[in-house]
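Inside the fold
In case you want the letters, here they are:
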Amino acid sequence: MAVSVATTRPVAQRTKWRSWPLWIALLLGTLTTLPYLYAATDVPADRVYTGLMLDAPDTLQYFSWLRDHREALLVPNRMTAQPNEPALFNLLWLALAQLQNLTGWSNAAIFQVLRLMGGASFLAAAWWFYSLASRTTHERAWAWLIAGCGGGLGVVWVVEKYARGLADVRYPFDLYVAEPNTLLSLLGYPHFLVAGALVVAIFAAALQATRGDWRWWLAAAALGLILALQHAYDLLSVYAVLGGWLALLAVRERAIPWRAVGGTVLVGVVSFPPAGYFAWLTSRDPLWRAVLSQFTNAGVWTPSPPHLLILMGVPLIATISGWTGLRPLRERSDGELLVKVWCIAGLGLIYLPVSFQIHLLNPWQIPIALAAVWGAQRRLIPWLDRRRAALGRWVLPLLLALSLPTNLYLLAWRFVELERRAAPYYLRTDEAAALGWLAANTTGDDVVLSDLNFGQFVPAETDARAVLAHWAQTVDFYRTRDDVARALDPATDATARQALLDRYGASYVVVDTTIEDDALRLVWSGAQLWIYAVDDSHAP
């Protein structure tokens, strides 16, 4: 793809070519919207589309914050039965709640706005960063395309799955991890893109500041504050990379870069207080300490180094093979030093012994893509050109092409999965009606006991708390899951059921079979679902 033109060409033609990133961004936005449009069309009469396509548990958690933030700055965790003090969890959903108040749009519509705006901000931040860190427009263009479109080599396990007739891929974390995959994040994890855009923009502002305008450090500090109020753990990447970068600048200049040091300190001073608050909240508050301890329930960890090569794919391989560590530091630009530090620091951060280590892969694809382009240009292309003239011109297109199949599969698989019209992306019509009844008849003092599939929707669609709703946000998840199963079992005797209802303070029970129990009063019924109010006066 052409990325620059001779200055003798007409201005209109030059403008046309310079607008190609916008067209690529629009293409990515359109492609990732198509599955949602497909899901919303031809919906069976007995189903309701929820507007979801990936990671329903976490997205519904965010929707519960969205609902509560429409009326309050501080909100409680309603994905557990235990009462808890309101807190500020996430600035992003607070802002989106105000947009929802202004527009009246549904949760699904707000999510689409977030998805497209998050993607646009991430791609724009990446373009800005590459314009400062790369040496030529050629490097910037290829790095941006690889970072924006590439998806690793996880598709090899899909090939194996079908070739050997396996039930599922052997190593799903080589394929389905969204943090370092721009397109997968654009499909269903837009909060990663917003956080990633902030991280990338902080580093771009730092590079801009080294060009003589210290006011860019003020911008970096402001961006750091926003990041702290949305994705505080991403500050680990910011602090580690800026700290390592300052060290290399000092070694290169043989002097302390005081302005850069002052700017970095400013970023830390401004951004740390919210992060410190969240650390205090999750360490001192018993409920939030319990929630944080359950992040291991997901069983999601950074893939081991061999599998990391598959997850990140050809760009990481090219980065490693093209590493040129012997060039003197004085020959390296500020941008090159920052990219190198980011690559190395990122590799260390993603293996920290913390439950959220895999989240620190976001947005590691940005430095890896540019380092891959440098590696190809410095090692592979010269090697090929020495053996056959002009062969090297195909290296970068091939690097991009080898990064595409996994994302093409991930996009296509959305259509296959949505074709099933199944939970949790679709609700039965009586489930949707039951949620509507609960929304109209419950308050924040009520607690709804149901199975997990229904319960995860309760905080997002009603004012009530749910006994069982989320693998981490529901306190003592596994015990609660087992207790709920016993309470919903018609064979459980009334005394045992009452003890469970009392333990969780349940106001309503939602079940897919009738229960004969004097303590339960039927208040709503559908084709396959019943809602009972808990009547303590009839307790055994």
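Predicted model only: the values in this text are computed from it and were never measured.

Within the chain one finds 24 helices and 7 strands. Against the compact-globule benchmark of 24 Å for 540 residues, the chain has a radius of gyration of 26 Å, which places it among compact chains. Projected onto the principal axes, the alpha-carbon positions of the chain cover approximately 85 × 50 × 45 Å. Taken over 540 residues, the chain has a buried fraction of 54%. Considering the chain, the positive charge centre built from 42 side chains and the negative charge centre built from 41 side chains are found 20 Å apart.

It is worth spelling out the pattern of salt bridges at this point. Enumeration over the complete set of coordinates arrives at 19 salt bridges. The residue R428 makes a salt bridge to D430 at a minimum N-O spacing of 3.2 Å. Note on accessibility: R428 and D430 belong to one class, buried. Two residues, D483 and R503, come together in a salt bridge whose shortest N-O distance is 2.7 Å.

Look at helix α17 (residues 365–387): 31 Å from first C-alpha to last across 23 residues, which is about the 33 Å you get at 1.5 Å a residue. At A376, α17 shows its maximal bend, which comes to roughly 40°.

Right, let's talk about the environment of I368 for a bit. For I368, the position within the fold is in helix α17. A relative accessible area of 2% places I368 in the buried class. Distance in space between the C-alpha atoms of I368 and L249 is 21 Å, their sequence separation being 119 residues. Discounting chain neighbours no more than four positions away, the residues touching I368 are M312, P315, L316, T319 and C343.

The next point concerns the packing of aromatic side chains. The relation between two aromatic rings is expressed through the spacing of the ring centres and the mutual angle of the planes. Enumeration over the complete set of coordinates arrives at 22 aromatic pairs. A ring pair is formed by F63 and W93, whose centres lie 6.3 Å apart and whose planes are at 75°; its orientation type is edge-to-face. Highlighted residues: F63 in helix α3 (residues 56–69) and W93 in helix α4 (residues 91–103), separated in sequence by 30 residues. Taken together, the ring pairs in this structure connect Y62, F63, W65, W93 and F111 into an aromatic cluster. It is R421 that lies over the ring of Y38; its NZ or CZ is 5.1 Å from the centre.

Below, the discussion takes up the nonpolar core. Of all hydrophobic cores here, the largest spans 155 residues; its most connected members are W93, F129, Y130, F203 and W342. If you tally residues by element for this core, the top one is helix α9 (residues 190–209), at 16 residues. Not counting residues up to four positions away in its chain, the partners in contact with F129 are V200, F203, A204, L207, L338, V339, W342 and I366.

Quick look at helix α15 (residues 314–321) now. Those residues of α15 that fall on the buried side of the exposure criterion are V314, P315, L316, A318 and T319. Of the surrounding secondary structure, the elements contacted by the buried residues of α15 are α6 (137–149), α14 (305–312), α17 and α18 (395–402).

Attention now goes to the confidence of the model for the chain. Overall, the prediction assigns the chain a mean pLDDT of 92, with 95% of residues at 70 or greater. Low confidence marks residues 1–17, where pLDDT is under 50. Its contacts with residues over four positions away, or in another chain, come to 17 contacts.

The next subject is the pairing of strand β6 (residues 520–525). Where β6 meets strand β7 (residues 530–534), 5 bridges bridge the pair, whose relative direction is antiparallel. Along β7, the bridge assignment pairs L520 with V534. Hairpin connection from β6 to β7: 4 residues lie between these consecutive antiparallel strands.

Read across the open sheet, the 5 strands follow the order β4-β3-β5-β7-β6; overall the sheet is mixed. Every other strand in the sheet has two partners, leaving β4 (465–466) and β6 as the edge strands with one partner each. The pairing of strand β3 (residues 447–449) with strand β5 (residues 508–511) spans 2 bridges and is classified as parallel. Paired with V448 across the strands is Y508, a residue of β5. Those strands touched by helix α20 (residues 429–441) are β3, β5, β6 and β7, and its axis lies near 115° from that of β6.

Cysteine pairs can be covalently joined through their sulfur atoms, and such a bond is termed a disulfide. Overall, the coordinates contain 0 disulfides when judged by the stated rule. Not part of a disulfide, C149 finds its nearest cysteine sulfur in C343, a span of 19 Å. On the basis of relative accessibility, which here comes to 5%, the residue C343 falls in the buried class.

Further remarks concern the environment of V467. Structurally, the position occupied by V467 is in the loop between β4 and α23 (477–488). In this structure V467 comes out as buried when scored by relative accessible area, which is 1%. Put simply, V467 and V447 are 20 residues apart on the chain and 6.6 Å apart in space, counted from C-alpha to C-alpha. Residues within four places of V467 in sequence aside, it is in contact with A81, V447, V448, L449, T474, T480, V484 and Y504.

What follows concerns the pairing of β7. Of all 5 residues that make up β7, 5 are buried, and the element is covered over most of its length. Side chains of β7 alternate between two faces, with W530, Y532 and V534 and I531 and A533 buried alike. Sheet topology places β5 next to β7; 4 bridges connect them, and they run antiparallel. Bridging across to β7, V510 finds its partner in I531.

Considering the arrangement of structural elements, one finds Y38 in helix α2 (residues 20–40). Each C-alpha atom of the pair Y38 and E419 lies 8.7 Å from the other, and the pair is 381 residues apart in sequence. For Y38, the contacting residues outside a window of four places in its chain are F415, L418, E419 and R421.

This part is about the side chain of T50. Within the fold, T50 resides in the loop between β1 (47–49) and α3. At a separation of 3.3 Å, a polar atom in the side chain of T50 contacts the main-chain amide nitrogen of L52. Reaching out from T50, the side chain makes a polar contact with the backbone oxygen of Y425 at a distance of 2.8 Å. Each residue touching T50, except ones within four places of it in the same chain, is listed here: A108, P424, Y425, Y426, L427 and F457.

About the thresholds
Residues numbered from 1 in each chain as written. Predicted model: local features only at pLDDT ≥ 70, side-chain atom pairs only at ≥ 80, totals over all residues. Heavy atoms only, no water. Helix = DSSP H or I, 4+ residues; strand = E, 2+ residues; numbered from the N terminus. Rg over C-alpha atoms; globule rule 2.2 N^0.38 Å. Buried < 20%, exposed > 50% of the residue type's maximum accessible area, 1.4 Å probe, protein only. Lys, Arg positive; Asp, Glu negative; His and termini not counted. Charge placed at Lys NZ, Arg CZ, Asp CG, Glu CD. Salt bridge = Lys/Arg side-chain N within 4 Å of Asp/Glu carboxyl O. Expected span 1.5 Å × (residues − 1). Bend = angle between axes of the 7 residues up to and from the residue. Contact = heavy atoms within 4.5 Å. Phe/Tyr/Trp six-rings, centres within 6.5 Å; stacked < 30°, edge-to-face > 60°. Lys NZ or Arg CZ within 6 Å of the ring centre and 35° of its normal. Core = buried A, V, L, I, M, F, W, Y, C linked by side-chain atoms within 4.5 Å. pLDDT = per-residue confidence, 0-100. Pairing = 2+ DSSP bridges. Axes fitted to C-alpha atoms, helices over the stretch in contact; angles between N-to-C directions. Disulfide = S-S within 2.5 Å. Polar contact = N/O pair within 3.5 Å; in protein donor to acceptor, adjacent residues only side chain to side chain.

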